[in-house]
Amino acid sequence: MIRYILKRLIYGLLVIWGVVTVIFFLFNILPGDPARMLLGQRSDISSVETIQKELGLDKPKSMQYLKFLNDLAPVSYHNFDHIDSYWYYNQEFYGKRHVIISSHGRGIVLKWPYLRTSYQSKRQVSAIIAEAFPKTLLLATSSIVLAMIIGILLGIPAAIYKDSALDRFLLVFSSFGMSIPSFFAAIIMAWLFAFVLADYTGLQMFGSLYSVDDYTGKEYLNLKNLILPAITLGIRPLAIVVSLTRSSLLDALSQDYIRTAEAKGLGSFAVVVKHGLRNSLNPVITAITGWFASLMAGAVFVEYVFDWKGIGVVIVDALEKYDLPVIMGSVLFISVILIFINILVDILYAILDPRVRLS
Amino acid sequence: MLKIENLKIEFGKTKSENIAVENINLSLAKGKALGIVGESGSGKSITALAIIGLLPPKANITQGSIEFEGVDLLLLSKRERRKYRGQKISMIFQEPMTSLNPVMRCGKQVQESIILNQQLNKKQAKELTIELFEKVNLPRPKEIYKSYPHQLSGGQKQRIIIAMAIANNPDILIADEPTTALDVTVQKEIISLLKDLRDEYEMGLIFISHDLGVIKEVADDVMVMYDGKVVETGSVNKIFNSPKHPYTKGLLACRPSINTNLKRLPEIDDIVNGQNHLEKSEKKIHHPIGHPKPTLDVIDLTKKYTSKRGLIGNKRIIIKAVDNISFKVYPGETLGLVGESGCGKTTLSRAILRLIEPNKGSVFFNEKNLMKLNKASLKDQRKKINIIFQDPYSSLNPRICIGEAIMEPMLVHKLYGNNQIRKNRVLELLEKVGLREEHYNRFPHEFSGGQRQRIVIARTLALNPKFIICDEAVSALDVSVQAKVLNLLNDLKDEFGFTYIFISHDLNVVRYMSDRLIVMKDGKIVEVGNADQIYNNPSSDYTKSLIDAVPIS
């Protein structure tokens, strides 16, 4: 089992390296001089040159690539005599580098990955992500957990009482839920629960995790704002989880080992939960994690409609303004998150189904 | 102890339609074994499921009673009924491969039944489970307690299911084809285990099988079922020595056996219709090899599989599925190939045709080395050699009507000028294999297993091959259907002068069909020779154990 996990982690690292490489070359093909973009209107030659030097743009592409890797790697090589790029300018933000080995002013250090600075706001990309991502994470997690719990709980009776009224209703509901576009659902939800029924629900049409108090001007945590976007975002995964749980449990219940379990004298509840459900969860988990991963990348429409300031909104803004460091940084960040989720899923499969561990 | 009267089970809600079984009467005493024999679809499994109370939802008991120790089980509520299950009446199923929960440790599955039915805590239940594993002769019971089903062989899984079934000292044990999916040698062990357990626990045993030979070894009394009805009951001796009903007679006769050597196997329909072929049939003669030049010459054929282990796949385990095998097949003969599952017979048959690429060796077919041919000329040769596969259910595409399925190989190899000629040829072939013209536009699901195998045979004949490899061609069929297909294969051989390689795990069938015999084990040839000679004087211990394990009927 440990070997299995180790193997997955090594594969994960390789994939991350691949992603970094692809991103580097993709964004190097794009037109535009980063130095000029960074400086904006006041671009005298000397400051352009300074920036170019700082970014290493005067060096060949291969050197730039190595520098890019070195900036990103948590364990990296540094020349302490040199005023090298981001850490020097942003010491306050990045904090101390932990020197592992050093001699003659050079050494290997342990540090946070450096993501550059936004062309637009001049803020650290890491800071932007650190602010936006927790909101996306919270939104994605709560809608997925909602979808998973309700979905499995509804899928079980739908499978047991196949062709009953409940089953039919759920089938209609899930095909509806799968086909409704998310921006449309978002608008309808906002309108219905935060406008028409606002007096009863007490919800606002939009608002992020933190609200500003009208009188004192202070920010405060407003979890109420989470309810509508989480439900809206959860509709489609919920529909899918219901129908997947149903079909895969139906499949499991027709297997021979279910008959064996019944022949032992187990009650029907124990048969379904202990023998049926566990055998039918793999496709459900695949779907849930797939959706979770894509929600992490930002549920752009829903975040926009509800004005939830998550990573999806950040990326769309950056795209509009051609803010390359923000785009690169967020894409990279999301890729790493996705890779780790996938590793977790693989491990989860292995726990649920011992046959996976073999291959 | 158990008494069934006038039982009638119907499928579906509409009355008088789809009667599954009718007029079933049986009784079983403590420590006795009742054998139920019949073909698939005769209603034997349905009867068994009715006793334990696990009928599929669409089946309804519309008449009769099932009495157990004076209580009519059919009058009990679902909850009360459940208390009998596993505790007083337990059951072993046909498919050990799929009857265990794949994601639960084997020990836990047995333990679950013990905790449910006996007042024991987890630790005691675990001890009892390991004790039971010892009782059913599982090796290393403590390790097996912790292992998952996919880590065990079919025979071991069946032993675990048996352990589960006897865990709570049931009064009645129902075994539904418990050995059908297993090799003969394993079958022998399982049967003797069941007999021992019955004696030890004084259980009533209901043993269901389509194989009369197996029934004879186990049962005290036999009930023969046909088409949902009981056609004959009686003691084992009575049924075997003086069968009354023509169907029983047919069942006994249509199985290839050691003592008789008939040219044609008797077919059950003929016997039921009163035409008795038994007396007038001639003997089957195994051909001597008279030809100097072999049609097929296999030299040093080897197929290895490597499985990678270790962190980066650094440890390799090499399994030789086919290990340096050489043999010859002469024109007009039938070469039999026997061995237990996993011995490499299927790999061998596929490697000959390069359906899987062998690692080493050469195969000369009519003096051409198949291993050296390019794709186009290999395709040309494949026209002349053909395979009939094991499973008639999955080797036909369910979406293609059978006429087109038979025509397909002709199209692939561009035989005959146009589709009209091809169609006529297909109709001709259908007739050859005993099907009718109007079957042309039907789809596979409309046919029974035996008919499907005929379709597969017709498809094989479409290319006018000279050489046919039958890979377990009759293993999935009932004995009565098996007899018909075997006769068909022999008739076709007489008519077209085919050369066969006949692969099977069933020694009786192989011996009946073949002139010469190859016995395989672990990818190697153990013994080669004249079929009758090997059967009468096996020289290797392995062949001896195979022959000993065959139930005698």
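Keep in mind the model is a prediction, meaning the values are calculated, not measured.

Undergrad: How should I be thinking about the overall build of chain A in this particular structure?
TA: Summing up its helical and strand segments, chain A has 17 helices and five strands in all. In chain A, which comprises 359 residues, the proportion classed as buried is 45%. Sequence-distant contacts, at least 24 apart, represent 68% of the contacts inside chain A between residues at least 6 apart. For chain A, the exposed surface amounts to about 19,300 Å²; the carbon and sulfur share of it is 68%.

Undergrad: Please clarify how the overall build of chain B should be interpreted in this entry.
TA: Along the backbone of chain B there are 20 helices and 20 strands. Its C-alpha radius of gyration of 25 Å places chain B within 12% of the 24 Å reference for a compact globule of 553 residues. Across its three principal directions, the C-alpha atoms of chain B cover 70 × 65 × 45 Å. Classification of the 553 residues of chain B by burial places 55% in the buried group. A fraction of 68% describes how many contacts in chain B between residues 6 or more apart in sequence connect residues 24 or more apart. Counting every atom, chain B has about 24,700 Å² of accessible surface; 47% of that belongs to carbon and sulfur. Charged side chains of chain B number 79 positive and 64 negative; the gap between the two group centres comes to 7 Å.

Undergrad: Honestly, the domain arrangement of chain B in this entry has me stumped. Any pointers?
TA: By convention, interface size is frequently given as the accessible area that disappears when the constituent parts associate. Residues and elements named next belong to chain B. Segmentation of chain B into domains returns domain 1 (1-88 + 172-243), domain 2 (98-169) and domain 3 (296-548). Centre-to-centre, using C-alpha coordinates, domain 1 lies 24 Å away from domain 2. Between domain 1 and domain 2, roughly 1,200 Å² of surface is buried when both sides are summed, and carbon and sulfur atoms account for 61% of that area. Together, Gln87, Leu193 and Tyr201 form the three largest contributors to the area buried by domain 1 at its contact with domain 2, with a combined 40%. Put simply, domain 1 and domain 2 have two salt bridges between them. Measuring nitrogen to oxygen at the nearest pair gives 2.8 Å for the salt bridge that ties Arg159 to Glu189. Linking domain 1 with domain 2 are five residue pairs in polar contact (both at pLDDT 80 or more).

Undergrad: Whenever I open this one, empty space enclosed by the protein confuses me. Can you help?
TA: The rolling of a water-molecule-sized probe over the atoms marks out the regions of remaining empty space. Inspection of every chain in the model, using the stated rule, returns three cavities of 30 Å³ or more. Empty space within the largest cavity amounts to approximately 80 Å³. Listing elements by their share of the lining of the largest cavity, those giving two or more residues are helix 12 (256-263) of chain A together with strand 6 (89-92) and helix 6 (154-166) of chain B. No other element matches the three residues that helix 6 of chain B contributes to the lining of the largest cavity. Here the lining of the largest cavity is built from residues that sort into five nonpolar, four polar and one charged.

Undergrad: Explain a nonpolar patch on the surface here, please?
TA: Residues and elements named next belong to chain A. Together, Phe183, Phe184, Ile187, Ile188, Trp191, Leu192, Phe195, Val196, Met205, Phe206 and Phe301 line one region of the surface with nonpolar side chains, adding up to about 1,100 Å² of accessible area. For the nonpolar patch, the element with the most residues is helix 9 (residues 182-196), which contributes eight residues. Of note, Phe183 is situated in helix 9.

Undergrad: What's the story with the packing of aromatic side chains in this structure? I'm lost.
TA: Two numbers describe a pair of aromatic rings. These are the distance of the centres and the angle of the planes. As enumerated under the stated definition, the model contains 11 aromatic pairs over all chains in all. Look at Phe68 of chain B and Tyr84 of chain B: their rings are 5.7 Å apart centre to centre, the planes differ by 85°, and that puts the pair in the edge-to-face class. Of this pair, Phe68 of chain B sits in strand 4 (residues 59-68) while Tyr84 of chain B sits in helix 2 (residues 78-84), placing them 16 residues apart in sequence. On the basis of relative accessibility, which here comes to 15%, the residue Tyr84 of chain B falls in the buried class. Cluster of aromatic residues (ring-pair linked, three or more members): Phe24, Phe25, Tyr65 and Phe68 of chain A. The cationic tip of Lys58 of chain B hangs over the ring face of Phe11 of chain B; the distance from NZ or CZ to the ring centre is 5.6 Å. Residue placement shows Arg511 of chain B over the ring face of Tyr535 of chain B; its charged tip is 5.1 Å from the ring centre.

Undergrad: Even after reading the chapter, I still don't get the interface of chain A and chain B, so can you show me in this structure?
TA: Taken together, the contact pairs 23 residues of chain A with 25 residues of chain B. Summed over the three residues of chain A that lose the most area to chain B, namely Arg259, Ala263 and Lys264 of chain A, the buried surface amounts to 25% of that side. Where chain A packs against chain B, one counts two salt bridges. The tally of links from chain A across to chain B stands at 12 residue pairs in polar contact (both at pLDDT 80 or more). Of all the elements in the fold, those that place two or more residues in the side of chain A that touches chain B are helix 1 (2-29), helix 12, helix 13 (268-296) and helix 17 (354-358) of chain A. Sort the elements by how many residues they give to the side of chain A that touches chain B and helix 12 of chain A lands first, with six residues. Along the lines of polarity and charge, the residues of the side of chain A that touches chain B split into six nonpolar, six polar and 11 charged.

Undergrad: What am I meant to see in helix 1 (residues 44-52) of chain B here?
TA: Since the α-helix turns once every 3.6 residues, residues separated by three or four places project in the same direction. Residues and elements named next belong to chain B. For helix 1, the tally of buried residues reaches eight of nine residues, placing the bulk of the element in the interior. All buried positions along helix 1 are accounted for by Lys44, Ile46, Thr47, Ala48, Leu49, Ala50, Ile51 and Ile52. Where helix 1 terminates, the next one or two residues include Gly53, which has phi positive at roughly 85°.

Undergrad: What is the right way to read the sheet that holds strand 3 (residues 106-110) of chain A from this model?
TA: Where strands meet in a sheet, backbone hydrogen bonds hold them as pairs that are either parallel or antiparallel. Residue and element names in this part refer to chain A. A sheet is described by the order of its strands in space; here three strands give the open sequence 1-3-2, paired in antiparallel fashion. Single-partner strands in this sheet number two, and they are strand 1 (75-79) and strand 2 (98-103). Across this sheet, the average inter-strand angle for adjacent strands is 25°, counted without regard to direction. Where strand 1 and strand 3 come together, five bridges link them in antiparallel fashion. Bridging across to strand 3, Tyr77 finds its partner in Ile108.

Undergrad: Where do I start with the pairing of strand 9 (residues 221-226) of chain B in this structure?
TA: Successive residues of a regular strand alternate their side chains across the two faces of the sheet. Residue and element names in this part refer to chain B. In terms of strand pairing, strand 3 (residues 33-37) meets strand 9 through four bridges, oriented parallel. Directly across from Gly35, in strand 9, lies its bridge partner Val222. Here strand 9 pairs with strand 10 (residues 229-235) via six bridges, running antiparallel. When the bridges of strand 10 are listed, Met225 appears paired with Val230. Counted between consecutive antiparallel strands, the loop separating strand 9 from strand 10 contains two residues, among which Asp227 sits at a positive phi close to 55°.

Undergrad: Mind showing me how you'd approach the packing of helix 6 of chain B against helix 7 (residues 184-201) of chain B here?
TA: For any two helices packed against each other, one specifies the crossing angle of their axes together with the interaxial distance. All names here are of chain B. The geometry of helix 6 relative to helix 7 is characterised by a closest axis approach of 11 Å and an angle of 15° between their N-to-C directions. The angle between the axes of helix 6 and helix 7 places the two elements in the roughly parallel class. Crossing angle aside, the handedness with which helix 6 passes helix 7 is right-handed. Listed contacts from helix 7 to Gly155, Gln158, Arg159, Ile162 and Ile166 of helix 6 are Val186, Glu189, Ile190, Leu193, Leu194, Leu197 and Tyr201.

Undergrad: What am I meant to see in the confidence of the model for chain B here?
TA: Low-pLDDT stretches of the model should not have their predicted coordinates read in fine detail. Of the residues in chain B, 92% have a pLDDT of 70 or more, and the chain-wide mean is 85. Model confidence for the complex: the whole-complex pTM is 0.77, and ipTM, which rates the interface, is 0.75.

Undergrad: Would you mind showing me how to read the pattern of salt bridges here?
TA: A pair can form between side chains of opposite charge whenever their charged atoms are brought close. Scanning the entire structure with this criterion turns up 27 salt bridges over all chains. The salt bridge involving Lys264 of chain A is made with Glu112 of chain B; its shortest N-O contact spans 2.6 Å. Highlighted residues: Lys264 of chain A in the loop between helix 12 and helix 13 and Glu112 of chain B in helix 3 (residues 106-117), drawn from two different chains. Taken individually, Lys264 of chain A and Glu112 of chain B each receive the classification buried, so the pair is uniform in this respect. A salt bridge links Arg350 of chain B to Asp471 of chain B, with the nearest nitrogen and oxygen atoms 3.8 Å apart. With Arg350 of chain B in helix 12 (residues 345-352) and Asp471 of chain B in strand 17 (residues 467-471), this residue pair connects regions lying 121 residues apart in the sequence. Judged by relative accessible area, Arg350 of chain B falls into the partly exposed class, the value being 27%. When its relative accessible area of 1% is taken as the criterion, Asp471 of chain B is described as buried. Taken together, the shared-partner salt bridges in this structure form one network comprising Lys264 and Lys274 of chain A together with Glu112 of chain B.

Undergrad: Just checking my understanding: could you explain a positive patch on the surface for this structure?
TA: Residues Arg105, Lys108, Lys122, Lys126, Lys142 and Lys146 of chain B make up a contiguous surface patch of positive charge. Every element with two or more residues in the positive patch is listed here: helix 4 (122-135) and helix 5 (141-146) of chain B.

Undergrad: Explanation requested: helix 12 of chain A in the structure shown.
TA: Looking only at helix 12 of chain A, the buried set comprises Tyr257, Ile258, Thr260, Ala261 and Ala263 of chain A. Among the structural elements, helix 11 (224-253) and helix 13 of chain A together with helix 1 and helix 6 of chain B are those in contact with the buried residues of helix 12 of chain A. Where helix 12 of chain A ends, the next residue or the one after it, Gly265 of chain A, has phi of about 100°, a positive value.

Conventions and cut-offs
- Residues numbered from 1 in each chain as written.
- Chains lettered and ligands numbered in written order.
- Predicted model: local features only at pLDDT ≥ 70, side-chain atom pairs only at ≥ 80, totals over all residues.
- Heavy atoms only, no water.
- Helix = DSSP H or I, 4+ residues; strand = E, 2+ residues; numbered from the N terminus.
- Buried < 20%, exposed > 50% of the residue type's maximum accessible area, 1.4 Å probe, protein only.
- Contact = heavy atoms within 4.5 Å.
- Areas by Shrake-Rupley, 256 points an atom, 1.4 Å probe, with all protein chains shown as cover.
- Rg over C-alpha atoms; globule rule 2.2 N^0.38 Å.
- Lys, Arg positive; Asp, Glu negative; His and termini not counted.
- Charge placed at Lys NZ, Arg CZ, Asp CG, Glu CD.
- Domains from an automatic or database assignment.
- Buried area = accessible area lost by both parts, 1.4 Å probe.
- Salt bridge = Lys/Arg side-chain N within 4 Å of Asp/Glu carboxyl O.
- Polar contact = N/O pair within 3.5 Å; in protein donor to acceptor, adjacent residues only side chain to side chain.
- 1 Å grid on protein atoms, 1.4 Å probe; cavity = no way out; pocket = protein on both sides within 12 Å on 5 of 7 lines; lining within 4 Å.
- Points joined across faces, edges and corners; volume = space filled by probe spheres on them.
- Nonpolar A, V, L, I, M, F, W, Y, C, P; charged D, E, K, R; others polar.
- Patch = residues over 30% accessible without salt bridge, like charges linked within 9 Å, V, L, I, M, F, W, Y side chains within 5 Å.
- Phe/Tyr/Trp six-rings, centres within 6.5 Å; stacked < 30°, edge-to-face > 60°.
- Lys NZ or Arg CZ within 6 Å of the ring centre and 35° of its normal.
- Pairing = 2+ DSSP bridges.
- Axes fitted to C-alpha atoms, helices over the stretch in contact; angles between N-to-C directions.
- Parallel < 35°, antiparallel > 145°, perpendicular 65-115°, else oblique.
- Left-handed = near helix turned anticlockwise from the far one by under 90°.
- pLDDT = per-residue confidence, 0-100.

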